[in-house]
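Examining the three-dimensional arrangement
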Amino acid sequence: MTNPLLFAFPVDLQLEDLLIESETLTLLLTSSRSSQTCPDCAHASSRVHSRYSRRLADLPCQGRAVQLYLKVRRFFCDNPVCPRQTFAEQFPEVACAYARRTLRQGKTLQEIAFALGGRAGARLACFLGLPVSFWTLLRLLRGTLPPHFPTPRVLGVDDFAWRKGDHYGTILVDLQTHQPIDLLPDREAETFAAWLREHLGVEVVSRDRASGYAEGAKKGAPDAIQGASRYHLVANLRDALQRLLDRERQCLPALQKSESATPPEPTKGRSSRKQEVQRKEAHREAGERVPLTRTETLRQVRRGKRYERYQAVVELHR
Ligand SMILES: [Zn+2]
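Residues numbered from 1 in each chain as written. Predicted model: local features only at pLDDT ≥ 70, side-chain atom pairs only at ≥ 80, totals over all residues. Heavy atoms only, no water.

For the zinc ion, every protein donor is listed as Cys 38 (SG), Cys 41 (SG), Cys 77 (SG) and Cys 82 (SG), and the spread of their distances is 2.3 to 2.4 Å. For the zinc ion, the 4 donor atoms in the first shell make angles of 99 to 117 degrees at the metal, so the coordination geometry reads as tetrahedral. (Donors = N, O, S within 2.8 Å, 3.2 Å for Na, K, Ca; no water. Tetrahedral: all angles 85-135°; square planar, octahedral: opposite > 155°, others 65-115°.)

Here you go:
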């Protein structure tokens, strides 16, 4: 039997036999190459030492799992100066040495693992005729080499939560290609500086306004221009505006109702912590109720807003 195009094997692999069962398809393959080169000295040899079978899992066909049985020859190396006496023939277009699955099956499983992860990926793979454990999928994921990216000229840096409120890492983005290029295990200045020292050529660093990344950029790339990222500027503005509106919340309905209404008294400015404590003590001495701190007031305002929203939802539901 020749090499049918259907299975897309290399031209020097011949299909000798094919066994069709209810759930599996078994293909018996042999190599038609007359000689092989020694992996150590590259000396060609055609003197066969022995033969054995190698079993490989391949991509499924028409819902059946496919198994390849490769008849492998072991050759003598006749080069007198080569330390190797025998070697087995390899099929680098089909599978790696010692592998139990073909390259194309490995690639397919890797893509499934990237899309779905371990358990969900294993369920789908089994349904598609690629029986595999979720541990194997995770091993394939971890065995993938990370892609290499050139050092960007304009680098964006920001933190992300491994676990919110507990543990944070750093994401680095090439701002010209909008491509994430690396992750750092924490958000320490020294870690960021070390990355910059290993990746020379960053000219602009776009960062948040916290001191950590500023310090890291200063240490790791002292010549780079640093700038606050637009996102963080807008986010800071939004937060400041939110706090202002929360403070002035009582005035808003009055303003909405009538422009001619008496303007509300301006709220007091931010008191220092010391003044706050002194005021509280004075109130306590006078036997009055202690006024709330700024944080407590904000918390109360937020709670009031949530309660109003809840009431509105209940009303709409009715
Ligand atoms: Zn050799």
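All right, on to the pattern of salt bridges then. This model, assessed by the stated rule, comprises 14 salt bridges. A salt bridge links Arg 33 to Asp 12, with the nearest nitrogen and oxygen atoms 3.1 Å apart. In this pair, Arg 33 sits in the loop between strand S2 (24–31) and strand S3 (36–37) while Asp 12 sits in the segment before strand S1 (13–20), placing the two residues 21 residues apart along the sequence. Arg 318 is the salt-bridge partner of Glu 315, the closest N and O atoms lying 3.4 Å from each other. Under the relative-accessibility criterion, Arg 318 is labelled exposed at 73%. If you follow the salt bridges from partner to partner, you end up with Glu 190, Arg 197, Glu 215 and Lys 219 in one network. (Salt bridge = Lys/Arg side-chain N within 4 Å of Asp/Glu carboxyl O. Helix = DSSP H or I, 4+ residues; strand = E, 2+ residues; numbered from the N terminus. Buried < 20%, exposed > 50% of the residue type's maximum accessible area, 1.4 Å probe, protein only.)

Turning our attention to the packing of helix H6 (residues 230–247) against helix H9 (residues 294–317). Interaxial distance between H6 and H9 falls to 10 Å at its minimum, and their mutual angle equals 85 degrees. Viewed along their axes, H6 and H9 adopt a mutual orientation that is roughly perpendicular. Every residue of H9 that contacts H6 at Gln 242, Arg 243, Asp 246 and Arg 247 is listed here: Arg 294, Leu 298, Val 301 and Lys 305. Residues belonging to the contact of H6 with H9 are distributed by class as follows: 2 nonpolar, 1 polar and 5 charged. (Axes fitted to C-alpha atoms, helices over the stretch in contact; angles between N-to-C directions. Parallel < 35°, antiparallel > 145°, perpendicular 65-115°, else oblique. Contact = heavy atoms within 4.5 Å. Nonpolar A, V, L, I, M, F, W, Y, C, P; charged D, E, K, R; others polar.)

In this section: the environment of Arg 47. Residue position: Arg 47 is located in the loop between strand S4 (44–45) and strand S5 (48–61). A relative accessible area of 44% means that Arg 47 is categorised as partly exposed. Along the backbone, Arg 47 and Phe 76 are 29 residues apart, and their C-alpha atoms lie at a distance of 5.7 Å. Leave out the neighbours within four places in its chain, and Arg 47 touches Arg 74, Phe 75, Phe 76 and Asp 78. A distance of 2.9 Å separates the side chain of Arg 47 from the side chain of Asp 78, its partner in a polar contact. (Polar contact = N/O pair within 3.5 Å; in protein donor to acceptor, adjacent residues only side chain to side chain.)

Let's shift gears to the nonpolar core. Among the nonpolar cores identified, the biggest contains 16 residues, and Phe 9, Leu 13, Leu 27, Leu 29, Leu 68, Leu 70 and Val 94 are the most heavily contacted of them. Of all elements in the fold, only S1, S2 and strand S6 (64–76) reach the threshold of two or more residues within this core. Per-element tally for this core: the top contributor is S6, with 4 residues. Ignoring anything within four residues of it in the chain, the contact list for Val 94 reads Pro 10, Leu 13, Leu 56, Leu 68, Thr 102 and Leu 103. Residues Trp 195, Val 202, Tyr 213 and Ala 221 belong to the second largest nonpolar core, which totals 14 residues. (Core = buried A, V, L, I, M, F, W, Y, C linked by side-chain atoms within 4.5 Å.)

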